[in-house]
Amino acid sequence: MTDHYDVIVIGSGAGGGTLTHALAPTGKRILLLERGDFLPSEPQNWDSKSVWVDLRYHNSGTWTDADTGKEFPPKQNYYVGGNTKVYGAILFRFRERDFGAIQHVDGISPAWPLSYADVEPWYTRAEHLYHVHGQRGADPDEPLSAAPYRYPPLSHEPRIAQLEADFTQAGLHPFPLPVGLIYDESAPQFSPCIRCATCDGYPCLVNGKADAHIVCVEPALRYSNVTLRTRTRVMRLETDEAGRAVTRVVADRDGQTETYSADLVVVSAGAINSAALLLASASERHPDGLGNGSGVVGRHLMMHNNSSLIAFSKIPNPTKFAKTLGVNDFYAGDPAGGGEWPYPLGAMQMLGKSDAVLIGFDAPEAGDPAELARHAMDFWLTTEDLPLPDNRVSLDRDGRIRLRYTPTNLEAHRRLIEKFKGLLSAIQCRDTVLPGYSYRGGRLGISGVAHQNGTVRFGSDPATSALDLNCKLHELDNVYVVDSSFFVSSTAVNPTLTIIANALRVADHIAERLGATSEHEARPAPRPAPAATPVPKPAGMTGHA
C-alpha cells in the first residue's frame, strides 16, 4: 500500500533538512526520507585515528572514475543531517559579482538567472537559522547585507590573533570567518559548543555544531505532521502516464521495497546522488532521465579546486579552535600583480588544527609528529572551477555512479598556493608546507566531492537548464531539487550557506503553492526530545526559519 503525503523530501542535509524545517509549521503532511541513519554519538567522534585513518564514519561505498575505470571512496556521508554532520561549518555568502559572468584563465563562469539582490533576504534568514557568527564589514569582499550577523564573531586564540596582525602588517585584510556554531562566548557554560580541536571534518559529540540535523531536522520532528524514515534509499521516481508528475517514490528500506506518493516531491540527495536518481528514473516519457529533455542532468559537475596545506609556526601554536580567520584579498585577482594576471585566484581560510596522528599519517618521514603538531597551522585554499558539460555524473549498467571530471583553472590555483607560500615568512612560519591529510600533492582529486554542485542547473530556458527559477523541473509539475545541483557556477567560497538560503526560498514558494504559510497555527506535538545534548535557542530565534 502506498502512503500519501503533501510533500516528500529526499535527503536530510543542508537542502532537504532546511526545507523540511521551514515547512514543518505549515501543518502539511511531510515525509523526510534519509538514506542513512543517525550518526552515533560516541567517544570516537573526536578521535582522529577513528575518523581519518580508520574511516569509521565513511558509509558511501565506492564510485568509479570514468576516465580510469578505477573505484574510489568519495568524501560523502549518509546520515541524518547529510554532509553537514562532518562539515567545517564555514558559511559564506557568494559575492555579488559571483552572480554575473566572470572571465577566468580557462574560460567564463556563466551568469546566474537570479541576482545577489534576489537571494539576499534568504541569506540573512539562513545565517540566523544556522547560528552564523561574523562581523559585517570586516571582509573587504563581503557583499552588501540588509542586516547584521545575529551572533558576534568568534574571538581568536592568541596565536591566531598574532596571525591576524601579521597578515595586516603584510598589507592584507584578514577577517573573522563566518562560523555556524551554537555558542555564546559571553556565557559558555550554557553553550553546547566547547571550542574543541575536533570540529572540521569530525562529528560533534556535544551537538555544538550548527548542522542540519541539530538546527533543522530535530526541531521539525517535534511537529506531529513531520515523519522521518531513516535507512531508506530512494531508488526511482515513477510518473503518471503523461510523464508530467511523479506518482510513486520507490525506495529500499532495510532490504524491503516501499513506495510512497505525495502532491510534491523534493529531491535533495546531494548534487551527485540527485543527478543519479533522476538518471535512474528514465522511462518511456523521459528516456534520458527524469526531466532531462535538455540533456543537462548530470552534466556541469563542479567541485572546486581545494587544497589543504599545513604550515609550521616558528613559535608554538597551542590553538585548539583555529577556524576563526580568513583572507579574501586574492578572491577577484592579485591586487599587487601589476595587471599581469587579470583573473581571479580564490580564497584562503583557516582549517582545524592537525594533530600528531594526522601529521604522522601524512608525512611519516618528516620528523617527530608530536613536535610538528605543536607548531602546525592549517589552511584551506579554494579556487573556482568551471562548469564543463563533459564533467558529469553517469550510471553504469548496474546503476552505479561514475564520475568524469577534468579540473579547470589549475594555473590560478597554483598561483594562489604560491601567494600563500610567499606569505610564510610574514606570518612567522617556516618556509615549507605539507599537504593536509589524504590530500598528497596538495590538491583534492576526484574523491574530494564535499563541495559538489551544478549537475541539475536552473534557468529560464528549458533547452539549456533542467530546473526553472523556483528549482522545479521544467518538464514535471511536482518535482523540485534543492541541494547544490541547481548551481550554474561554483564560485570560490563554501557552497553550504547558498544551499540553505535557496532551500528557504523554495520552501516559501512551496508553502504558497500549498496554500500555507509559516505562520500556520500548527504547534509542535509533545514528542519527547531525543537523548542528546539540548540545544538552547537564543532570544529571538523562532521555531522555524
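In this text, all values refer to a predicted model and were calculated from it rather than measured experimentally.

## Topic: the nonpolar core
- Counting 114 residues, the largest nonpolar core has Ile-10, Leu-19, Tyr-130, Leu-237, Val-249 and Leu-403 as its most contacted members.
- If one sorts the elements of this core by residue count, helix H10 (residues 496-513) sits on top with ten residues.
- The next biggest cluster of nonpolar side chains, apart from the first, holds 26 residues, and it includes Phe-167, Met-377, Ile-417 and Phe-420.

## A short note on the packing of aromatic side chains
- One pass over the structure, following the stated rule, counts 16 aromatic pairs.
- A centroid spacing of 5.7 Å and a plane angle of 90 degrees characterise the contact between Trp-112 and Phe-486, whose relative ring orientation is edge-to-face. Of this pair, Trp-112 sits in the loop between strand E6 (107-109) and helix H3 (116-129) while Phe-486 sits in the loop between strand E21 (479-481) and H10; the two residues are 374 residues apart in sequence, bridging distant segments of the chain. In this pair, the class of Trp-112 matches that of Phe-486, namely buried.

## A look at the packing of helix H1 (residues 16-23) against helix H5 (residues 212-220)
- Remark: H1 packs on H5, axes separated minimally by 8 Å, with the N-to-C direction vectors making an angle of 45 degrees. With respect to each other, H1 and H5 are oriented oblique. Read as a crossing pair, H1 and H5 show a hand that is left-handed. Between H1, through Gly-17, Thr-18, Thr-20 and His-21, and H5, the contact on the second element is made entirely by Val-215, Cys-216, Val-217, Pro-219 and Ala-220.

## Re the sheet that holds strand E16 (residues 347-350)
- Read across the open sheet, the six strands follow the order E8-E15-E16-E17-E14-E20; overall the sheet is antiparallel. Each edge of the sheet is formed by a strand with only one pairing partner; in this case those strands are strand E8 (175-176) and strand E20 (434-435).
- With eight bridges connecting them, strand E14 (residues 305-312) and strand E17 (residues 376-383) associate as antiparallel partners. Note on E17: the bridge partner recorded for Phe-312 is Ala-376.
- Each of E14, E16 and E17 touches helix H9 (residues 410-422); the most contacted strand, E17, lies at about 150 degrees to it.

## Considering the packing of H1 against H10
- Packing of H1 against H10 leaves a shortest axis separation of 8 Å and a crossing angle of 40 degrees. Comparing their axes, H10 and H1 come out oblique. Remark: the crossing between H1 and H10 carries right-handed chirality. In contact with Thr-18, Leu-19, Ala-22 and Leu-23 of H1, H10 contributes Ile-500, Ala-503, Leu-504, Val-506, Ala-507, Ile-510 and Ala-511.

Cut-off values and rules
Residues numbered from 1 in each chain as written. Predicted model: local features only at pLDDT ≥ 70, side-chain atom pairs only at ≥ 80, totals over all residues. Heavy atoms only, no water. Core = buried A, V, L, I, M, F, W, Y, C linked by side-chain atoms within 4.5 Å. Buried < 20%, exposed > 50% of the residue type's maximum accessible area, 1.4 Å probe, protein only. Helix = DSSP H or I, 4+ residues; strand = E, 2+ residues; numbered from the N terminus. Phe/Tyr/Trp six-rings, centres within 6.5 Å; stacked < 30°, edge-to-face > 60°. Axes fitted to C-alpha atoms, helices over the stretch in contact; angles between N-to-C directions. Parallel < 35°, antiparallel > 145°, perpendicular 65-115°, else oblique. Left-handed = near helix turned anticlockwise from the far one by under 90°. Contact = heavy atoms within 4.5 Å. Pairing = 2+ DSSP bridges.

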